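# Working through the structure, step by step
Given next are the chains, with one letter for each unit.
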Amino acid sequence: MSSERRQRRRAVRARAGLNVRGLLALPLLGLLVAGCGIRSTEVPTDFGPAPSRVRCSLSEPDTATQATRGLAVQVFLLCGSSLVAVDRSLRVPDGTADSARRVLVAQGLLDQLAKTPSAAEREAGYQTYVRGGMTVSGPRAKDPEDTLRLSTPPAELSAYALAQVVCTFSDSAAAEGDGSVILGGPTTAPLRRYDCTDEVRSQPGSRQPASSEVTGG
């Protein structure tokens, strides 16, 4: 065999050896990559947007600032499927008689319920079903002294709106503080005493708040 032919054969065998060694190195490279923990199915690349606010959770109010703005009160707004108390403040003139004060507080609470929740409250999931324009007046001649008469008959309010009004009034200076409130409308329909129960707060839209007819003045 000529010297030139022997050199060509050695060159071919050398190239074949290199190809075999390259193929054998691939599994080893794969093991090294796996050992480094690089697994496409386990490493998230997009966590999505950060949560903006916990639902039905608001930052603590500035009580000192609130106190300078007037009477600190609470109104009940709907959040999720429940009623949740939210802090508000009202202006009530000093020296107002108790009967007039009760009506002023009740009207202020109604106005607060009818206001569109703030941006922070909306972001946290709060909403209201009480519509604007509703007014409240005090008792008539034969009504119990703690009666509140709405310009819209209570029976015509939605279950959500009535629950908001009942729980807001019954937990305020507008009522006697026993967890109930006597409501009537502009007509001569019988007055009714409504109770803000745990069931009303937790399931305000399931039914109208429990009530009983008021028979005596």
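Residues numbered from 1 in each chain as written. Predicted model: local features only at pLDDT ≥ 70, side-chain atom pairs only at ≥ 80, totals over all residues. Heavy atoms only, no water.

## What to know about the sheet that holds strand β1 (residues 71-79)
In a beta sheet, neighbouring strands are held together by backbone hydrogen bonds and run either parallel or antiparallel to one another. On the basis of which strands lie adjacent, the open sheet formed by three strands has the order β2-β1-β3 and antiparallel pairing. In this open sheet, the two strands that pair with only one neighbour each are β2 (82-90) and β3 (126-127). Judged from the two bridges that link them, β1 and β3 form a sheet pairing that is antiparallel. For Leu 78, the partnering residue across the bridge sits in β3 and is Gln 127. Seen against the sheet, helix α3 (residues 98-114) touches β1 and β2 and runs at an angle of roughly 40° to β1. (Pairing = 2+ DSSP bridges. Helix = DSSP H or I, 4+ residues; strand = E, 2+ residues; numbered from the N terminus. Contact = heavy atoms within 4.5 Å. Axes fitted to C-alpha atoms, helices over the stretch in contact; angles between N-to-C directions.)

## Details of the state of the cysteines
Evaluation of the coordinates by the stated rule reveals two disulfides. Here Cys 56 pairs with Cys 79 through a disulfide, and the sulfurs are 2.1 Å apart. Linking Cys 56 and Cys 79, the disulfide has an S-S dihedral of approximately -105° and is accordingly described as left-handed. With Cys 56 in the loop between α1 (3-35) and α2 (63-69) and Cys 79 in strand β1, this residue pair connects regions lying 23 residues apart in the sequence. Disulfide pairing places Cys 167 opposite Cys 196 at an S-S distance of 2.1 Å. Between Cys 167 and Cys 196, the S-S dihedral sits near 95°, and the bridge is therefore right-handed. (Disulfide = S-S within 2.5 Å.)

## A closer look at the environment of Glu 199
For Glu 199, the position within the fold is in helix α6 (residues 198-202). Remark: the alpha-carbon pair of Glu 199 and Pro 209, spanning 10 residues in sequence, is separated by 8.7 Å. For Glu 199, the side chain forms a polar contact with the side chain of Arg 207, separated by 2.7 Å. (Polar contact = N/O pair within 3.5 Å; in protein donor to acceptor, adjacent residues only side chain to side chain.)

## Some words on the sheet that holds strand β8 (residues 211-213)
Taken together, five strands build an open sheet; the order of strands is β4-β5-β6-β7-β8 and the sheet is mixed. Single-partner strands in this sheet number two, and they are β4 (136-137) and β8. Sheet topology note: the strand β7 (residues 192-195)/β8 ladder contains three bridges and is antiparallel. Bridging across to β8, Tyr 194 finds its partner in Ser 211.

## Examining the environment of Leu 162
Tracing the backbone shows Leu 162 in helix α5 (residues 159-170). For Leu 162 and Tyr 129, which are 33 residues apart along the polypeptide, the C-alpha to C-alpha distance reads 8.7 Å. When sequence neighbours within four positions are dropped, the list of residues in contact with Leu 162 reads Pro 154, Leu 157, Leu 183, Tyr 194, Gln 208 and Pro 209.

## Describing α5
In this model, α5 (12 residues) spans 16 Å end to end at C-alpha, consistent with the 16 Å of a helix rising 1.5 Å per residue. Buried residues dominate α5, accounting for 11 of its 12 residues. Along α5, the residues that are buried comprise Ala 159, Ala 161, Leu 162, Ala 163, Gln 164, Val 165, Val 166, Cys 167, Thr 168, Phe 169 and Ser 170. (Expected span 1.5 Å × (residues − 1). Buried < 20%, exposed > 50% of the residue type's maximum accessible area, 1.4 Å probe, protein only.)

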